[in-house]
Amino acid sequence: MRGWWREIAGLVLPVACGGCGRPRTELCPVCAAALTGAGEGPRRVRPSPEPAGLPVVHAAAPYADAVRELLVSHKERGALGLAGPLGGALAVAVEAAAGAVGGLATGPLLLVPVPSSRSSVRARGHDPTRRIALAAAARLRGAGRPARVVPVLRQRRYVADQAGLGAAGRRANLSGALEVVPGGGRLLRAGRVVLVDDLMTTGATLAEAARALGGVHLPFIPELPRGLPEGKGQHGFEQRAAAVIASSPVSFGINRNS
């Protein structure tokens, strides 16, 4: 119910840009441009240190300034109208991620959102990652790319708040925390799977999500061995792909210099 009240309130109360505070608009043109990396487009991002099992991740923009404020406004401040433009940014990253690793899978893009805990959904009044994933899938379909959201991951045990935890602490906190819901595996055979989240910091969450999906993949493949089909990792399993709206500016810098 809280989510509905927020949407109704947004129609009748004064609004300001979620990125910079400019009045009378929920998203100004400057902050909208920042969501797409200020014209640079999505890039592959790699945190340092890079956790084992991290999928190939693409992000639309660095997590800083207006982009950071937009994500926080949507997730924590109830600016639900931002789901559309945030979903548009995620859609661009999804297309880049799916195209980068290739693979033999056909059919629609299957966006698998990283699950939020029930307690955080209750506290916020909505599931921000799933809401953005739905907006991204709608944007992809509108552009002629078949896509749908397949929420097959769930938390199998308690996970502590990640705030304040370093890379090692996040890995320990999340290790073995996610699982595929019963029957979820069948749904993933219908197309090309792309893990999605709003933000990547250390990469621990996406690495755990990929583990739960059962994929075998390398943190980075500079050159595929001869005779190995494109988009395949070790032992012939399809390499996982992931997309996020934002990642740390450092992870973008590492990618540019690699």
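We now turn to the structure provided with this report. (Residues numbered from 1 in each chain as written. Predicted model: local features only at pLDDT ≥ 70, side-chain atom pairs only at ≥ 80, totals over all residues. Heavy atoms only, no water.)

What follows is about the overall build of the protein chain. Scanning the protein chain for helices and strands turns up 10 helices and eight strands. Counting only residues that meet the buried cut, the protein chain has 45% of its 258 residues in that class. Residue pairs at least 24 apart in sequence account for 74% of intrachain contacts in the protein chain once pairs closer than 6 positions are excluded. For the protein chain, the accessible surface area stands at approximately 12500 Å², while carbon and sulfur atoms represent 55% of it. (Helix = DSSP H or I, 4+ residues; strand = E, 2+ residues; numbered from the N terminus. Buried < 20%, exposed > 50% of the residue type's maximum accessible area, 1.4 Å probe, protein only. Contact = heavy atoms within 4.5 Å. Areas by Shrake-Rupley, 256 points an atom, 1.4 Å probe, with all protein chains shown as cover.)

Turning to the environment of Arg130, a few remarks are in order. You can see Arg130 is positioned in helix H6 (residues 128-142). According to the relative accessible area criterion, Arg130 is partly exposed, its value standing at 40%. In this structure Arg130 touches Pro113 and Pro151, once residues within four positions along its chain are discounted.

The next point concerns the environment of Thr36. As for its position among the elements, Thr36 is in the loop between helix H2 (29-34) and strand S1 (43-45). Residue Thr36 is classed as partly exposed on the basis of its relative accessible area, which comes to 38%. Not counting chain neighbours up to four residues away, the residues in contact with Thr36 comprise Gly41 and Ala60. Side-chain polar atoms of Thr36 contact the backbone oxygen of Ala33, separated by 2.9 Å. (Polar contact = N/O pair within 3.5 Å; in protein donor to acceptor, adjacent residues only side chain to side chain.)

What follows covers the state of the cysteines. What the rule picks out here adds up to zero disulfides. Summary of cysteine pairing: Cys20 is not part of a disulfide, and the nearest cysteine sulfur, belonging to Cys28, is at 3.6 Å. Since its relative accessible area comes to 48%, Cys20 is described here as partly exposed. Of all cysteine sulfurs in the structure, the one in Cys31 sits closest to Cys28, which takes part in no disulfide; the separation is 3.5 Å. The buried category is assigned to Cys28, whose relative accessible area is 3%. (Disulfide = S-S within 2.5 Å.)

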